[in-house]
Amino acid sequence: EAYQVGKIVREKISEQTNRWPEFSDVAQKAGVKSVLAVPLVAKEQPLGALNLYSKSSSGYDDTAEETALLFSQQAAVACANAEVYWRTFSLTEHLREALESRDVIGQAKGILMARRRCTAEAAFEMLRKASQHRNIKLRDIADQVVYLGDLED
């Protein structure tokens, strides 16, 4: 609820058996008696929730809620930054792979042009057809040409 609705939830487990029957059962068996859930929000985007569980029946007070809220704000920023980092890392990896593919495809085209005395377009078309016919990625076909010195027939 803290994540979905974006509000702080502070409840005693014993009072929520109808609302969260499965969770309440498992929590009570584990000795959990209260929960404090604080939404993680960065730039008005919900990212998740910080859930704190207590074995105390008195649960959490206003001071604990304020502290959890302060911590959740910092955690949300850290989560948002981590998401940006991993998206950037993934994009960088895809670009690196694309550049490597481009290089090996260019090498394969050059080999085919020299061996078969054809144009760059014709060499690329040979690679493309071999890729489709064998159901193998174009880059892998190009790797084979660079390794073997020609297309396998």
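Refer to the structure above for everything that follows.
Source: prediction; values computed, not measured.

Parameters at a glance
- Residues numbered from 1 in each chain as written.
- Predicted model: local features only at pLDDT ≥ 70, side-chain atom pairs only at ≥ 80, totals over all residues.
- Heavy atoms only, no water.
- Patch = residues over 30% accessible without salt bridge, like charges linked within 9 Å, V, L, I, M, F, W, Y side chains within 5 Å.
- Areas by Shrake-Rupley, 256 points an atom, 1.4 Å probe, with all protein chains shown as cover.
- Salt bridge = Lys/Arg side-chain N within 4 Å of Asp/Glu carboxyl O.
- Helix = DSSP H or I, 4+ residues; strand = E, 2+ residues; numbered from the N terminus.
- Axes fitted to C-alpha atoms, helices over the stretch in contact; angles between N-to-C directions.
- Parallel < 35°, antiparallel > 145°, perpendicular 65-115°, else oblique.
- Left-handed = near helix turned anticlockwise from the far one by under 90°.
- Contact = heavy atoms within 4.5 Å.
- Nonpolar A, V, L, I, M, F, W, Y, C, P; charged D, E, K, R; others polar.
- Core = buried A, V, L, I, M, F, W, Y, C linked by side-chain atoms within 4.5 Å.
- Buried < 20%, exposed > 50% of the residue type's maximum accessible area, 1.4 Å probe, protein only.
- Pairing = 2+ DSSP bridges.
- Expected span 1.5 Å × (residues − 1).
- Polar contact = N/O pair within 3.5 Å; in protein donor to acceptor, adjacent residues only side chain to side chain.

A look at a nonpolar patch on the surface
No. 1: A cluster of nonpolar residues, Tyr85, Trp86 and Phe89, forms a patch on the protein surface that exposes about 370 Å² of accessible area.
No. 2: Within the secondary structure, Phe89 sits in helix α3 (residues 62–116).

Considering the packing of helix α4 (residues 120–134) against helix α5 (residues 138–148)
No. 1: It is the contact of α4 with α5, at a shortest axis distance of 9 Å, that shows an interaxial angle of 115 degrees. Taken together, the axes of α4 and α5 lie roughly perpendicular to each other. For the pair α4 and α5, the crossing hand works out as right-handed. Contacts from Phe124, Leu127, Arg128, Ala130, Ser131 and Arg134 in α4 reach Leu138, Ile141, Ala142, Gln144 and Val145 in α5.
No. 2: Among the residues forming the contact of α4 with α5, the class breakdown is seven nonpolar, two polar and two charged.

Observations regarding the nonpolar core
No. 1: In this structure, Val104, Ile105, Ala108, Leu112, Cys118, Ala123, Leu127, Ala130, Ile141, Ala142, Val145 and Leu151 together form the largest nonpolar core, which totals 12 residues.
No. 2: Sorting elements by how many residues they give to this core places α3 first, with four residues.
No. 3: Not counting the four nearest positions on each side in its chain, Ala142 is found in contact with Val104, Ile105, Ala108 and Leu127.
No. 4: Leu40, Ala42, Ala75 and Ala76 belong to the second largest nonpolar core, which has five residues in total.

Concerning the pairing of strand β2 (residues 34–42)
No. 1: In terms of burial, β2 is largely enclosed, as eight of its nine residues are buried.
No. 2: In terms of strand pairing, strand β1 (residues 9–12) meets β2 through four bridges, oriented antiparallel. Of the residues in β2, the one forming a bridge with Val9 is Ala37.
No. 3: Summarising the sheet, β2 and strand β3 (residues 45–54) pair through nine bridges and their orientation is antiparallel. Of the residues in β3, the one forming a bridge with Leu36 is Leu52.

So, α3
No. 1: Taking 1.5 Å as the rise per residue, α3 with 55 residues should run 81 Å; its terminal C-alpha atoms sit 79 Å apart, in good agreement.
No. 2: Considered for burial, the residues of α3 that qualify are Ala68, Ser72, Ala75, Ala76, Ser101, Val104, Ile105, Ala108 and Leu112.
No. 3: As for α3, its buried residues are in contact with β2, β3, α4 and α5.
No. 4: Of the residues that open α3, the one with a side-chain oxygen 3.3 Å from the backbone nitrogen of Thr63 is Asp61.
No. 5: Positive backbone phi, at 50 degrees, marks Arg117, one or two positions downstream of α3.

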